[in-house]
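# Geometric and topological summary
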Amino acid sequence: MNQQITPAEAAAALTRAATARVVSAADVRALTAYLVGLGAGVAGVLAGSWWMLSHENVIGFAAVMGGYGLVLALLIGIQRRARSTPRGFRRIYAWGFGATMALYVIGVMWYSFTRPGPPAAVFLPYCLLVALPVWIAAMLIRRAAR
């Protein structure tokens, strides 16, 4: 049987398809955990490298970088648990990650090219600011998935 649908039925079917959710709550949790962890990891590596290098501790700096590599591996494992992503994830992620990394580079240049370097009371809050764009991206992803 070749049954034709009416234009109203077709429009209703398109509306249902457009509002269908394919992203599970577990996917959203994995993606937001990844983004929150990524922000914390970048802030932590910036603070740790500033501390170690300002105290001329090259071995400590290497340990900070190695720890950051382990954190990234863990976070990538968390991210890969997500089977689907909410609409707009790539754009939001790119904005948040790009802004965080730009602030990170500014922070590295700040402590690398100033002597004696920024004081802890100023630099450590800056490290939290570095994580903020990616944390905002996590919030936007969570909101977009509702």
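Higher on the page you've got the structure.
Being a predicted model, the structure only gives us computed values, none of them experimental.

### A closer look at the overall build of the protein chain
Across its full length, the protein chain holds five helices and zero strands. When the elements of the protein chain are put in sequence order from the N terminus, they spell out α-α-α-α-α. Taking all 146 residues of the protein chain together, the buried fraction comes to 32%. Partitioning the intrachain contacts of the protein chain with sequence separation of at least 6 by distance along the chain shows that 83% fall at a separation of at least 24. As presented, the protein chain carries roughly 9,400 Å² of accessible surface, and 67% of it is formed by carbon and sulfur atoms.

### Here we look at the packing of aromatic side chains
According to the stated counting rule, one finds nine aromatic pairs in the structure shown. Following the ring pairs from residue to residue traces out a cluster consisting of Trp 50, Trp 51, Trp 110, Tyr 111, Phe 123 and Tyr 126.

### Let's talk about the nonpolar core
Counting residues in each nonpolar core, the largest one holds 29 residues, and the members touching the most others are Leu 35, Leu 46 and Phe 123. Of all the secondary-structure elements, those providing two or more residues to this core are helix H2 (25-54), helix H3 (58-79), helix H4 (89-113) and helix H5 (120-144). Considering every element that reaches this core, the biggest residue donor is H2, with 11 residues. The contacts of Leu 35, once residues within four sequence positions are left out, are Phe 89, Tyr 93, Val 134, Trp 135, Ala 137, Ala 138 and Ile 141.

### Topic: the environment of Arg 90
Looking at where Arg 90 falls in the secondary structure, it is placed in helix H4. Spatially, the C-alpha atom of Arg 90 lies 9.8 Å from that of Ile 141, the residues being 51 residues apart in sequence.

Conventions adopted
- Residues numbered from 1 in each chain as written.
- Predicted model: local features only at pLDDT ≥ 70, side-chain atom pairs only at ≥ 80, totals over all residues.
- Heavy atoms only, no water.
- Helix = DSSP H or I, 4+ residues; strand = E, 2+ residues; numbered from the N terminus.
- Buried < 20%, exposed > 50% of the residue type's maximum accessible area, 1.4 Å probe, protein only.
- Contact = heavy atoms within 4.5 Å.
- Areas by Shrake-Rupley, 256 points an atom, 1.4 Å probe, with all protein chains shown as cover.
- Phe/Tyr/Trp six-rings, centres within 6.5 Å; stacked < 30°, edge-to-face > 60°.
- Core = buried A, V, L, I, M, F, W, Y, C linked by side-chain atoms within 4.5 Å.

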